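As a plain string of letters, each chain reads:
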Amino acid sequence: DIQMTQSPSSLSASVGDRVTITCRASQTISTYLNWYQQKPGKAPKLLIYAASSLQSGVPSRFSGSGSGTDFTLTISSLRPEDFASYYCQQSYSIPNTFGQGTKLEI
Amino acid sequence: EVQLVESGGGLVTPGGSLRLSCAASGFTFSSYNMHWVRQAPGKGLEWVSSISTTSSYVSYTHSVKGRFTISRDNAKNSVYLQIDSLRAEDTSVYYCARDPPGYYYFDYWGQGTLVTVSS
């Protein structure tokens with residue numbers, strides 16, 4: 001199975017900050033990498049698919065990059081509603097594994 | 001409007017069984033692969049199972065093989081997860097999610113249904 005490792009596991013930031021979350025795959029996954037946001041008690045929401053494509057309706061302050069084994073999610077200027085948990089997911093092979101998550105806190 | 005609504009969760013004793021359902025609406029259900037993803041309390045997301053549009057291909061994560069069975073009924077716009085031989089570690093919120101044809105991501109998720117395994 002492909003292991004996905006996110007860093008950091010938690011992150012404290014302020015409104016207006018630029019933040020970057022990284023995700024590393026245990027083997028190459030091309031660009032089969034997705035990012036999700038999850039708020040407490042809610043279902044995950046797709047932000048980025050295929051490493052760098054912005055899902056419809058997602059604000060442009062979110063961006064993704066990377067290929068192969070190393071990927072990043074960047075939020076260019078944090079807004080209050082961005083404080084949540086973020087997960088990467090590889091869809092290169094079954095099982096589709098998720099990273100352990102990054103909790104973004106104020 | 002795309003909607004996925006799970007049901008069937010509850011409290012069950014170890015070794016017991018449940019059948020989870022996910023009712024879809026607002027899109028052509030038969031054109032989408034469907035997945036189940038779970039989340040233990042306070043933990044991260046874990047992909048559980050997937051089923052192709054015509055049920056030709058099904059997959060499971062290792063820890064549930066032989067105990068969980070995914071199925072779908074395109075006439076009823078529903079996907080199911082039969083979960084048997086339940087263990088305490090299966091306690092989770094179970095989400096269904098859709099996977100657009102030709103893509104490999106989950107663009108819509110249900111609200112989840114909680115399965116609690118406890119004596």
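Residues numbered from 1 in each chain as written. Chains lettered and ligands numbered in written order. Predicted model: local features only at pLDDT ≥ 70, side-chain atom pairs only at ≥ 80, totals over all residues. Heavy atoms only, no water.

Draft legend 1. Seen up close, the pattern of salt bridges. Taken as a whole and judged by the stated rule, the model has nine salt bridges over all chains. Glu46 of chain B is the partner of Arg38 of chain B in a salt bridge, and the nearest nitrogen-oxygen pair spans 2.7 Å. The structure contains a network of salt bridges with shared partners spanning Arg61, Arg79, Glu81 and Asp82 of chain A. (Salt bridge = Lys/Arg side-chain N within 4 Å of Asp/Glu carboxyl O.)

Draft legend 2. Quick peek at the sheet that holds strand E6 (residues 53-54) of chain A. All names here are of chain A. Across the sheet, which stays open at both edges, the six strands sit in the order E2-E10-E9-E4-E5-E6 with mixed pairing between neighbours. Each edge of the open sheet carries a strand with a single partner, namely strand E2 (10-12) and E6. Where strand E4 (residues 33-38) and strand E5 (residues 45-49) come together, three bridges link them in antiparallel fashion. Bridged to Trp35 within E5 is Ile48. (Pairing = 2+ DSSP bridges. Helix = DSSP H or I, 4+ residues; strand = E, 2+ residues; numbered from the N terminus.)

Draft legend 3. Highlighting a nonpolar patch on the surface. On the surface, a nonpolar cluster with roughly 320 Å² of combined accessible area is contributed by Tyr32 and Tyr92 of chain A together with Tyr104 of chain B. As for its position among the elements, Tyr92 of chain A is in the loop between strand E9 (85-90) and strand E10 (102-105). Judged by relative accessible area, Tyr92 of chain A falls into the partly exposed class, the value being 43%. (Patch = residues over 30% accessible without salt bridge, like charges linked within 9 Å, V, L, I, M, F, W, Y side chains within 5 Å. Areas by Shrake-Rupley, 256 points an atom, 1.4 Å probe, with all protein chains shown as cover. Buried < 20%, exposed > 50% of the residue type's maximum accessible area, 1.4 Å probe, protein only.)

Draft legend 4. Local environment of unusual backbone geometry. Look at the link from Ser7 of chain A to Pro8 of chain A: it is a cis peptide, with omega at -5 degrees. Of note, the amide linkage connecting Ile94 of chain A to Pro95 of chain A takes the cis form, showing an omega dihedral of 0 degrees. With respect to the secondary-structure elements, Pro95 of chain A resides in the loop between E9 and E10. Although it is not a glycine, Ala51 of chain A sits at a positive phi angle of roughly 70 degrees. Tracing the chain through its elements places Ala51 of chain A in the loop between E5 and E6. A positive phi angle, close to 70 degrees, is found at Ser55 of chain B, a residue other than glycine. Mapped onto the elements, Ser55 of chain B comes out in the loop between strand E5 (45-51) and strand E6 (58-60).

Draft legend 5. Layout of the layout of surface pockets. In this structure, the largest pocket encloses a volume near 500 Å³. Considering the residues around the largest pocket, the lining is formed by 26 residues, among which Gln38, Ser85 and Tyr87 of chain A together with Gln39 and Lys43 of chain B are closest to the centre. When residues of the lining of the largest pocket are traced back to their parent elements, those giving at least two are E9 and E10 of chain A together with strand E9 (92-99) of chain B. Among the elements that line the lining of the largest pocket, the one with the most residues is E10 of chain A, at four residues. Each residue belonging to the lining of the largest pocket can be placed in one class, and the counts come to ten nonpolar, eleven polar and five charged. (1 Å grid on protein atoms, 1.4 Å probe; cavity = no way out; pocket = protein on both sides within 12 Å on 5 of 7 lines; lining within 4 Å. Points joined across faces, edges and corners; volume = space filled by probe spheres on them. Nonpolar A, V, L, I, M, F, W, Y, C, P; charged D, E, K, R; others polar.)

Draft legend 6. Broad picture of the state of the cysteines. Residue and element names in this part refer to chain A. If you walk through the whole model with that rule in mind, you get two disulfides over all chains. The disulfide partner of Cys23 is Cys88, and the S-S distance across this bridge is 2.1 Å. Taking the sign of the torsion about the S-S bond as the criterion, the disulfide between Cys23 and Cys88, at about 65 degrees, is right-handed. Taken as a pair, Cys23 in strand E3 (residues 19-25) and Cys88 in strand E9 lie far apart in primary sequence, 65 residues in all. In terms of burial, Cys23 and Cys88 fall into one category: buried. (Disulfide = S-S within 2.5 Å.)

Remember, this is a structural readout, not a statement about activity or role.
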